[in-house]
Amino acid sequence: MPEFVQVAFFEALPGLQGVTDALISAARALRTGAAKLLIGLNGHLNYGAGILLNHFDEPPVFGLPYTPPYYIEYFSGLFCRESVTFRFPLKGIFDWARKVAGTFDTRALTVRFLNKSRLREEMELYTTIDNTSFSNTTYWYWSNREPRENFELFHPFRFLMNAEDLLIAEKDGKPVGFLLWYPDFNGLVPAGRDINLMDVLRFRYAHPLRTTRLAEVAVLPEYRRFPVMATMLLKSLPSVEARGYETCEGGFIFQENRNSMVMAQRYFERDLGHKLDPYRRFGMYEAPL
């Protein structure tokens, strides 16, 4: 994103003065020609985005960033673009899936699971759908990925991911969308150490986790009139229920993205029987240079 100098990683002690001014000064010294400083994007949207604005008293779901509450003070006065997540019980979603099973009109869409034995090829497909779905949309900070970057992201999790965690929807043999779930791996290990073999075995055979994250749904623009997301959900939910997950937190949605906000709330009201308010809030800050 050539219009931005990006603070790709930020940590600071409490009680400092002039934090924003120091960042702006350092960015100007780079003489890149960029017009803005961007704070809160960890390299790419897929790596976590935003300074946390609420729910500081609980650990983050895996893949969502956590920052201490005093960071907000350092960036007050800057333009802030907010995003939100929704957190919801899965029972209502499971009940909906059972209710419509066998009667839902998929409009000839088919859904398959990830082929883990061909991960590089699958990442090429995933990347193509991702870039096509989110480029030139209301995801202001999107930049196109390369398959090797997404392979780097997925490859370390090959022993933890199940094939049904990444679903690919097809229409007349053409891939048109994907849905990515993954468990809250933060629940596997205590703070201060890395995951080990015993954690992997416990995850595989004891199924200790109860929270999952609906990380990303992407649908090619010309197929958004089809029930792509609902068809993928119906395919994935039996395995999600079988593994004992009770709660889900979705990926972030920018509040200015009215279409996605309305669609998400419509799904929740249909499946849960009531409106659902956003749960976590994040801010991405911009400063003129």
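Up top you'll find the structure we're talking about.
Residues numbered from 1 in each chain as written. Predicted model: local features only at pLDDT ≥ 70, side-chain atom pairs only at ≥ 80, totals over all residues. Heavy atoms only, no water.

**Details of the overall build of the chain**
So, step 1. Within the chain, the secondary structure is distributed over eight helices and 12 strands.
So, step 2. The C-alpha radius of gyration of the chain comes to 20 Å, within 12% of the 19 Å expected for a compact globule of 289 residues.
So, step 3. Considering only C-alpha atoms, the chain reaches an extent of 60 × 45 × 40 Å along its principal axes.
So, step 4. Every one of the 289 residues in the chain was classed for burial, and the buried ones make up 49%.
So, step 5. In the form shown here, the chain has an accessible surface area of approximately 14,700 Å², with 54% of it arising from carbon and sulfur atoms. (Helix = DSSP H or I, 4+ residues; strand = E, 2+ residues; numbered from the N terminus. Rg over C-alpha atoms; globule rule 2.2 N^0.38 Å. Buried < 20%, exposed > 50% of the residue type's maximum accessible area, 1.4 Å probe, protein only. Areas by Shrake-Rupley, 256 points an atom, 1.4 Å probe, with all protein chains shown as cover.)

**Some points on the packing of helix 4 (residues 119-134) against helix 5 (residues 147-154)**
So, step 1. Between helix 4 and helix 5, whose axes approach to 8 Å, the crossing angle comes to 120 degrees. Classified by the angle between their axes, helix 4 and helix 5 sit oblique to one another. Here helix 4 runs over helix 5; the crossing is right-handed. Residues Leu119, Arg120, Met123, Glu124, Tyr126 and Thr127 of helix 4 pack against Pro147, Asn150, Phe151 and Phe154 of helix 5. (Axes fitted to C-alpha atoms, helices over the stretch in contact; angles between N-to-C directions. Parallel < 35°, antiparallel > 145°, perpendicular 65-115°, else oblique. Left-handed = near helix turned anticlockwise from the far one by under 90°. Contact = heavy atoms within 4.5 Å.)

**Quick notes on unusual backbone geometry**
So, step 1. Residues other than glycine seldom take positive phi values, yet His55 does so here, at roughly 55 degrees.
So, step 2. Along the chain, the position of His55 falls in the loop between strand 3 (51-52) and helix 2 (71-74).
So, step 3. Among the residues examined, His55 registers a relative accessible area of 26% and is labelled partly exposed.
So, step 4. Positive phi is not limited to glycine here, since Asp172 has a value of about 55 degrees.
So, step 5. If you trace the backbone, Asp172 turns up in the loop between strand 7 (166-171) and strand 8 (174-183).

**Some thoughts on the side chain of Asp199**
So, step 1. Along the polypeptide, Asp199 turns up in helix 6 (residues 197-206).
So, step 2. What makes Asp199 buried here is its relative accessible area of 5%.
So, step 3. The residues touching Asp199, leaving out its near neighbours within four places in the chain, are Leu188, Val189, Arg193 and Asp194.

**Observations concerning the pairing of strand 2 (residues 36-39)**
Every other side chain in a regular strand lies on the same face of the sheet, so the side chains alternate between the two faces.
So, step 1. In this sheet, strand 2 lies alongside strand 1 (residues 4-7) in parallel orientation, the contact comprising four bridges. When the sheet's bridge partners are listed, Val7 is paired in strand 2 with Ile39.
So, step 2. Regarding topology, helix 1 (residues 19-29) serves as the crossover connection from strand 1 to the parallel strand 2, and that connection is right-handed.
So, step 3. Pairing of strand 2 with strand 12 (residues 281-288), which is carried by four bridges, proceeds in the antiparallel orientation. The partner of Ile39 across the bridge, within strand 12, is Tyr285. (Pairing = 2+ DSSP bridges. Right-handed = clockwise from strand over helix to strand, strands pointing away.)

**Comments concerning helix 3 (residues 91-100)**
So, step 1. Three or more residues of helix 3 are buried, namely Gly92, Ile93, Phe94, Trp96, Ala97 and Val100.
So, step 2. Positive phi appears at Gly102, one or two residues downstream of helix 3, with a value of about 85 degrees.

**Notes on the sheet that holds strand 7**
So, step 1. Reading across from one edge, 5-10-9-8-7-6 is the order of the six strands in this open sheet, with mixed pairing throughout. Only two strands of the sheet have a single neighbouring strand rather than two, namely strand 5 (87-89) and strand 6 (109-113). Adjacent strand axes in the sheet meet at a mean angle of 25 degrees, parallel and antiparallel pairs treated alike.
So, step 2. In this fold helix 4 packs onto strand 6, strand 7, strand 8 and strand 9 (211-219), with an angle of close to 70 degrees to the strand it touches most, strand 9.

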